[in-house]
Amino acid sequence: MRILVISDTHGSLSHTEKALESAGSFDEIWHLGDVLYHGPRNPLPEGYSPKELSSLLKKHRVKYIRGNCDADVDIRVLEIPEMPRIGMEFLGDVKMLLVHGDQFEYGGGDPVSLAQAHGCSVVLFGHTHVPLAERCEGVLLLNPGSVSLPKSEVGPTFGIIDTDEKKYYLCSLEGDVLKEVMFVERE
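Quantities reported herein were computed from a predicted structural model and do not represent experimental measurements.

Q: How should the overall build of the protein be read in this particular structure?
A: A count of helices and strands for the protein gives five helices and eleven strands. On C-alpha atoms alone, the protein measures out to a radius of gyration of 15 Å, which is about the 16 Å that the 2.2 N^0.38 rule sets for 187 residues. Overall, the protein is about 45 × 35 × 35 Å in size when its C-alpha atoms are taken along their principal axes. Buried residues in the protein amount to 56% of all 187 residues. Intrachain contacts of the protein at a sequence separation of at least 6 include 59% that bridge at least 24 residues. Summed over its atoms, the accessible surface of the protein is roughly 8600 Å², and 50% of this surface lies on carbon and sulfur atoms. Charge-centre separation for the protein: the mean point of 18 positive side chains lies 3 Å from the mean point of 29 negative side chains.

Q: Whenever I open this one, the pattern of salt bridges confuses me. Can you help?
A: Pairing between side chains of opposite charge can happen when the charged atoms of each approach one another. Enumeration according to the criterion identifies six salt bridges in this entry. One salt bridge connects Glu180 with Lys167, and the closest N-O pair in it is separated by 2.8 Å. With Glu180 in strand S11 (residues 177–182) and Lys167 in strand S10 (residues 167–172), this pair connects stretches of sequence that are 13 residues apart. By relative accessible area, Glu180 is classed as partly exposed at 44%.

Q: Just checking my understanding: could you explain the side chain of His100 for this structure?
A: Here His100 shows up in the loop between strand S5 (94–99) and helix H4 (102–105). On the accessibility criterion, His100 (0% relative accessible area) is buried. Among the polar contacts listed, one links the side chain of His100 to the backbone oxygen of Leu32, at a separation of 2.7 Å.

Q: Sorry if this is basic, but what is going on with the packing of helix H1 (residues 13–23) against helix H2 (residues 50–57) here?
A: Packed helices, taken two at a time, are described by their axes: the angle between them and the distance between them. It is at 9 Å that the axes of H1 and H2 come closest, and there the two elements cross at 25 degrees. By the angle between their directions, the pair H1 and H2 is classed as roughly parallel. Here Leu13, Thr16, Glu17 and Leu20 of H1 come into contact with H2, specifically with Glu52, Leu53 and Leu56. Split into classes, the residues belonging to the contact of H1 with H2 amount to four nonpolar, one polar and two charged.

Q: Explain the sheet that holds S5 to me, please; I cannot follow it from the model alone.
A: Within a sheet, adjacent strands bond to each other through the backbone by hydrogen bonds, running parallel or antiparallel. The five strands are arranged S4-S5-S6-S8-S7 in an open sheet whose pairing can be described as mixed. Each edge of the sheet is formed by a strand with only one pairing partner; in this case those strands are strand S4 (86–91) and strand S7 (132–136). Each neighbouring strand pair of the sheet contributes to a mean axis angle of 20 degrees, computed without reference to strand direction. Summarising the sheet, strand S6 (residues 122–124) and strand S8 (residues 139–143) pair through three bridges and their orientation is parallel. The residue bridging Val123 from the neighbouring strand is Leu141, located in S8.

Q: Just to check I follow, could you spell out unusual backbone geometry for this structure?
A: As a rule of thumb, non-glycine residues mostly have phi less than zero, and peptide bonds are mostly trans rather than cis. For His10, which is not glycine, the phi torsion reads 50 degrees and is therefore positive. One can find His10 in the loop between strand S1 (2–6) and H1. Here His10 falls in the buried class, since its relative accessible area comes to 0%. With a phi close to 55 degrees, Lys166 is a non-glycine residue in the positive phi region.

How each quantity is defined
- Residues numbered from 1 in each chain as written.
- Predicted model: local features only at pLDDT ≥ 70, side-chain atom pairs only at ≥ 80, totals over all residues.
- Heavy atoms only, no water.
- Helix = DSSP H or I, 4+ residues; strand = E, 2+ residues; numbered from the N terminus.
- Rg over C-alpha atoms; globule rule 2.2 N^0.38 Å.
- Buried < 20%, exposed > 50% of the residue type's maximum accessible area, 1.4 Å probe, protein only.
- Contact = heavy atoms within 4.5 Å.
- Areas by Shrake-Rupley, 256 points an atom, 1.4 Å probe, with all protein chains shown as cover.
- Lys, Arg positive; Asp, Glu negative; His and termini not counted.
- Charge placed at Lys NZ, Arg CZ, Asp CG, Glu CD.
- Salt bridge = Lys/Arg side-chain N within 4 Å of Asp/Glu carboxyl O.
- Polar contact = N/O pair within 3.5 Å; in protein donor to acceptor, adjacent residues only side chain to side chain.
- Axes fitted to C-alpha atoms, helices over the stretch in contact; angles between N-to-C directions.
- Parallel < 35°, antiparallel > 145°, perpendicular 65-115°, else oblique.
- Nonpolar A, V, L, I, M, F, W, Y, C, P; charged D, E, K, R; others polar.
- Pairing = 2+ DSSP bridges.

Printed below as a string of structure tokens:
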């Protein structure tokens, strides 16, 4: 199974379409928050069209995590029953924590401590708009960056999880693999 991991689309239809196209085939999307609204701290992203982005996402199987720019109205527009602030997934025996990441900015701890508190070896988060794929204190930290409003020199990015290979690929908006990492460290 292939999972497209995106975050911080902030209503950009054109960049989200490009990410979906560049990702190739995938079975589902994990969206780590800030789906439709650009937020008061951000400029309008290129291709800003939240209504059309909502229509596009409804065509796919999507697991959503609520971000700091997501509101109850977004849940209604996306026609989903809920958008939790935290989620857990399993990849075989690998337990993964999914959060947006704004709680780290506002004094809610750090991703390593939160993952350890939940017995997770992987944490996927967004919010910073900066891609990340590294291990820290035995926890794999994965941030797909932002497809619409990147805050790093690599530009817009997204992630791909390949469950068969148990690998995470960090990709540019054009689909180039920037980094790949195994979910379990080889001994």
